[in-house]
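# A look at the structure
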Amino acid sequence: MFWVALPVVVMEAGALGGLSGGGDEVAAYLQRHGLKQLLTVHLEQQLIDAKGELKEELIRQLADLYAELLESEQLPQKRDRLEVRARELVSSLPQHDAGSLRLALLRGSYRVAEKIAENHRLRLASDEEADEARRILTDILPRFSQLRRQLKDRLDILERQLSRANVAGTVRLNSDVDQARDLYDECTFYNAWGLYYQSWMHDRPDNASVAQELFASLLGAGTSHPSPNEISVDLRSVEAIARSILGFALCKSLTASAPTAVNWIELIKAENTFETLRNEAPIWHMVILMEHADFAGVQDVLNDYLSTGKPLPLSWLRMIAVHALERPAHDRRAAVLARYAVTELASRDQLDQVLDLAQRYGTESLGDTGFALRYVRGVISYSDARAAHNSESPTFDPDVVAMFDRAAKDLDSALLESDVNQYADAAAACRRLIGYCRYFAGRFLDARIAFEEAATSLPQAEDAAEALWMAIVSLDNVVQAGGSERLKTQLDDIMTRFLREHPSSEYAPRIVLKRSISRGIVSVEAVESLLSIPENSEVYDSARIRAAQMLYELFRQSSGERKIGHAVTFIALAMPVQSRAMNENDADDVSVRAELINRCRMLLEVTLTEGVSRLVAARQTLSWIDELASQYGDDLLPYQDEITYRRVLERLFSEQEEAAGGLADELWNRNELSIWSRLASRAMFRHAHRRWQDAASSLVVELATLQQVERYGGRILLESAGESGALSDPVVLTYHAAVAEAVILIWERTGEDRKARAAMVIYDKLLNEKPNTYKFLRAAAILAERLGLTERSLECWRHILSGSEIRSIQWFEAKFHQIALLAQIDSHRARRVLDQHILLNPDYGPDPWGARLKGLDEDDRLPPSQTGNGGGMP
């Protein structure tokens, strides 16, 4: 039985046959690519000028197309338009043509009636809607019968033609007969179901008897009154057969007895039955029993189903509730089922349904006492409070708070009932509702307790997760209002428990973010946890912003390779975050602007760090800064110096020294005491000093480089000028030494005495802090000599002599300068010192100082030697 997919089969066979004959390449293309809506438009345009056989063929193709489109279209408005066009087409067709289109139109009307009828079974349809379903069925059933007769006549004709056909015509006719039979069976199927619904909705069995015979014909039993054991076991896996068995069973419920009908239901409970219908068999079994007021039997079927551990679908609960509530009050078994179903609906948060049932049937059927009655009353009180509240935030309205308190009291009383243990799931849901009452009333600690209790007993994981989440929200409200350290610890414990018990919950990402913020712990593990939040989470962006903030803090806390690693990760994360935030920039929100500016500042710091230097990211960030400045310049004023400093770094990394220097000077002139001005001077100094050291190995150092060291180093020295003991700081001392050395080299290049004097001042400071440092003593000695400070120079060389290893190179150098300087002051004394040196070092010493000392010995400006060793050893 293939008629379930018939519209597709018929359309493809008809359309392809016509296309191949007509050579319509456009239609062939549309058909091949499944563009059915466009294909109908195309064929309708062709139909305007078509005549004869071509017109008839186009009409048949359009009929089949409309049949398929009507079958697949879900939007009511589009379907209505299709039906109007389809009816216009049907009116132009002979009775024997376009059977699939006629059936599609009837099927659409039938399904409207069927939906209303099943809603009526659940008592979800109004009286007006039920009357509309009856009217539709009254209208379409005669037309179903008429179309069924026409399709049967067509099938008979084709079968007779097949019996007389030759071999060549048999293949084509076999296909035509199969299609005609499928269409006829489909029409019979809907006709039978329509007759059943009409009989059921009018509460009379006459049409159900006719429907039985039609269903019997579809089941292929060979009789109009088959027994269950005559139905093929294998065919039950076919949806049409399985649904025909169900239809036959429902008809038997109207025309015979419950046991007879149930015998047919047992067929669709078999393992090989079409799965969807097999899963629905228990509720149809209960429907039949409820139609015959056998609520004891309903309880047995229900117990069997619950023993499987499967949750009862909500529609089934609704079905049981309405039929049980419609029974007389003295029907105890119905009352028990009513209490169970209504209580279960309430426990599943189906409060609208509970209210609807209470309004339809009252609460009297739930009894005078007991958990169910009090629970439903509490649910009604809670719903009234929520309606008055009309918000998802706690209320401060005393009247609404009082309503929530009353609802909580009603729900609390339900939990005190002696039969509460019979409703374990509902009791857990009751505790959850108490939690919401307390939460909306602003009683957060009480809410936390109720939610935690509910979370431990709610059977469904998603409900337990929701309750535990609300416990966290409730306790967080207290903590945020200034809760104690004990409560903060408890909050952290609950969040940890949540992530352990419900790691896949929709609330888990929010917990991860909230815990990260509340703990304030910055770690790689915390970052990884935040970055594990999926992109579809509502806190995805917030989590990445928090992770970026953590990475920035880790960057600042770290050093070496770890610092660079955190920097790279931060940039990779923060750049897309900032880009998205800039695109969504809310000009009216001051806090958003502050966040954008601060993230730009962080990005500039990280991207322009030595060893990181991500210039593309830095330049993009500076571009964002410019964009923000053009709109909100005043917001950036407090950071003007900082941003200029970052621009200095960007220019230095780009090897634009002149531009960097200009910006650094701008900062200095604006405020030389600014920390950013000082940092800019250090950056310029380091850059120049590095170039100096790199060039020193080649013995070619540009004068401009040395002047930059002097210029920006001098600004650094000014910071500690006048501070007692400033040079005890090794960093300060290093800056002084570097600047002094650079000034000496400048003096040597330019010969400016002022440079020598400036260097001498710095070396005096250095020697005051480090009096035994050879490098400082030697430089000071040379400078003092050139400046005519002979005694000062002599003092420095003597200091070197006393601190040097005897007969070392630096010792011979110092000895030479000592004697040379003494020669200028006291030649006789110089001769005595020189003679003593020659006595101990007959060869004067190693070059170059030995040769120079020998030159002094031979210098006529010194008196002759008194030791007889003048002129050295023979």
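Residues numbered from 1 in each chain as written. Predicted model: local features only at pLDDT ≥ 70, side-chain atom pairs only at ≥ 80, totals over all residues. Heavy atoms only, no water.

A word on the pattern of salt bridges. Applying the stated rule across the entire model yields 54 salt bridges. Notably, a salt bridge pairs Arg651 with Glu650, separated by 2.3 Å at the nearest N-O pair. For the salt bridge of Glu752 with Arg754, the shortest nitrogen-to-oxygen distance reads 2.9 Å. With relative accessibility at 51%, the residue Arg754 sits in the exposed group. The network of salt bridges with shared partners includes Asp405, Asp412, Arg438 and Arg443. (Salt bridge = Lys/Arg side-chain N within 4 Å of Asp/Glu carboxyl O. Buried < 20%, exposed > 50% of the residue type's maximum accessible area, 1.4 Å probe, protein only.)

A word on a nonpolar patch on the surface. Together, Tyr29, Leu35 and Leu38 make up an exposed nonpolar region whose accessible area comes to about 280 Å². Note on Tyr29: relative accessible area 42%, which makes it partly exposed. (Patch = residues over 30% accessible without salt bridge, like charges linked within 9 Å, V, L, I, M, F, W, Y side chains within 5 Å. Areas by Shrake-Rupley, 256 points an atom, 1.4 Å probe, with all protein chains shown as cover.)

Quick look at the side chain of Arg107 now. As for its placement among the helices and strands, Arg107 is situated in helix H6 (residues 99–121). Overall, Arg107 belongs to the buried group, its relative accessible area being 2%. A polar atom in the side chain of Arg107 sits 2.5 Å from the side chain of Glu186. (Helix = DSSP H or I, 4+ residues; strand = E, 2+ residues; numbered from the N terminus. Polar contact = N/O pair within 3.5 Å; in protein donor to acceptor, adjacent residues only side chain to side chain.)

With that out of the way, let us pick up the packing of helix H18 (residues 398–415) against helix H19 (residues 424–440). Taken N-terminus to C-terminus, the directions of H18 and H19 make an angle of 160 degrees; their axes are 9 Å apart at the nearest point. Relative to H19, the element H18 lies roughly antiparallel. For the pair H18 and H19, the crossing hand works out as left-handed. Between H18 and H19, the residues in contact are Phe404, Asp405, Ala407, Ala408, Leu411, Asp412, Ala414 and Leu415 and Ala427, Cys430, Arg431, Leu433, Ile434, Cys437, Arg438 and Phe440, respectively. Residue composition of the contact of H18 with H19, grouped by class: 12 nonpolar, no polar and 4 charged. (Axes fitted to C-alpha atoms, helices over the stretch in contact; angles between N-to-C directions. Parallel < 35°, antiparallel > 145°, perpendicular 65-115°, else oblique. Left-handed = near helix turned anticlockwise from the far one by under 90°. Contact = heavy atoms within 4.5 Å. Nonpolar A, V, L, I, M, F, W, Y, C, P; charged D, E, K, R; others polar.)

Within the secondary structure layout, Gln198 lies in helix H8 (residues 167–201). Setting aside its immediate chain neighbours within four residues, Gln198 contacts Leu137, Thr138, Leu141 and Asn207.

Once that is clear, we can look at the nonpolar core. When a protein is soluble and globular, its nonpolar side chains tend to lie buried together. One finds Phe371, Tyr375, Phe498 and Phe570 to be the most contacted residues of the largest nonpolar core, which totals 261 residues. Here this core takes 15 residues from H8, the largest share from any one element. For Tyr375, the residues in contact, after removing those within four places along its chain, are Thr343, Ala346, Ser347, Leu411, Ala414, Ala426, Ala429, Cys430 and Leu433. Counting 13 residues, the second largest nonpolar core, distinct from the first, contains Leu30, Leu43, Leu62 and Leu69. (Core = buried A, V, L, I, M, F, W, Y, C linked by side-chain atoms within 4.5 Å.)

What follows covers the packing of aromatic side chains. The way to describe two aromatic rings as a pair is by their centre distance and the angle between their planes. Summed over all chains, the structure comprises 24 aromatic pairs. A centroid spacing of 5.1 Å and a plane angle of 55 degrees characterise the contact between Tyr305 and Trp316, whose relative ring orientation is tilted. Residue Tyr305 is located in helix H13 (residues 295–306), and its partner Trp316 is located in helix H14 (residues 314–325); the two are separated by 11 residues in the primary sequence. You can call Tyr305 buried: its relative accessible area is 12%. Clustering of aromatic rings is evident, with ring pairs tying together Tyr110, Phe189, Tyr190, Trp193, Tyr196, Tyr197 and Phe215. (Phe/Tyr/Trp six-rings, centres within 6.5 Å; stacked < 30°, edge-to-face > 60°.)

Following Asp847, the chain continues into Pro848 via a peptide bond in cis, with omega recorded as 5 degrees. Its identity as a non-glycine residue notwithstanding, Asn390 has a phi of 55 degrees, on the positive side. Tracing the backbone shows Asn390 in the loop between helix H17 (371–389) and H18. For Asn390, a relative accessible area of 67% translates into the label exposed. At Glu655, a position not held by glycine, the phi torsion is positive, near 60 degrees. Considering the arrangement of structural elements, one finds Glu655 in the loop between helix H29 (640–653) and helix H30 (657–670). Taking the relative accessible area as the measure of exposure, Glu655 reaches 53% and is therefore exposed.

With 17 residues, helix H37 (residues 809–825) should reach 24 Å at 1.5 Å per residue; the first-to-last C-alpha distance of 25 Å fits that figure. Listed in full, the buried residues belonging to H37 are Trp811, Phe812, Glu813, Ala814, Lys815, Phe816, His817, Gln818, Ile819, Ala820, Leu821 and Leu822. (Expected span 1.5 Å × (residues − 1).)

Under the defined criterion, the tally for this structure stands at 0 disulfides. The closest cysteine sulfur to the non-disulfide-bonded Cys430 is located on Cys437, 8.9 Å from its own sulfur. Its relative accessible area of 0% is what places Cys430 among the buried residues. Exposure remark for Cys437: the relative accessible area of 1% places this residue in the buried category. (Disulfide = S-S within 2.5 Å.)

Moving on, we come to the confidence of the model for the protein chain. The share of residues in the protein chain with pLDDT of 70 or more is 92%, and the mean pLDDT across the chain is 86. pLDDT under 50 marks residues 1–22. Its contacts with residues more than four places away, or in other chains, come to 47 contacts. pLDDT under 50 marks residues 870–874. Its contacts with residues more than four places away, or in other chains, come to 7 contacts. (pLDDT = per-residue confidence, 0-100.)

This paragraph deals with the environment of Leu604. Of note, Leu604 is situated in helix H27 (residues 590–607). Residue Leu604 is classed as buried on the basis of its relative accessible area, which comes to 1%. Sequence separation between Leu604 and Leu101 is 503 residues; the distance between their C-alpha atoms is 69 Å. If near-sequence neighbours (up to four positions away) are discounted, Leu604 is found in contact with Ala618, Thr621, Leu622, Ile625 and Arg646.

Within the element layout of this structure, Phe295 appears in helix H13. Look at Phe295 and you get buried, because its relative accessible area is 2%. Once the C-alpha coordinates of Phe295 and Ala334 are considered, the two residues, 39 residues apart in sequence, prove to be 5.7 Å apart. Not counting chain neighbours up to four residues away, the residues in contact with Phe295 comprise Met290, His323, Ala324, Arg327, Asp331, Arg333, Ala334 and Leu337.

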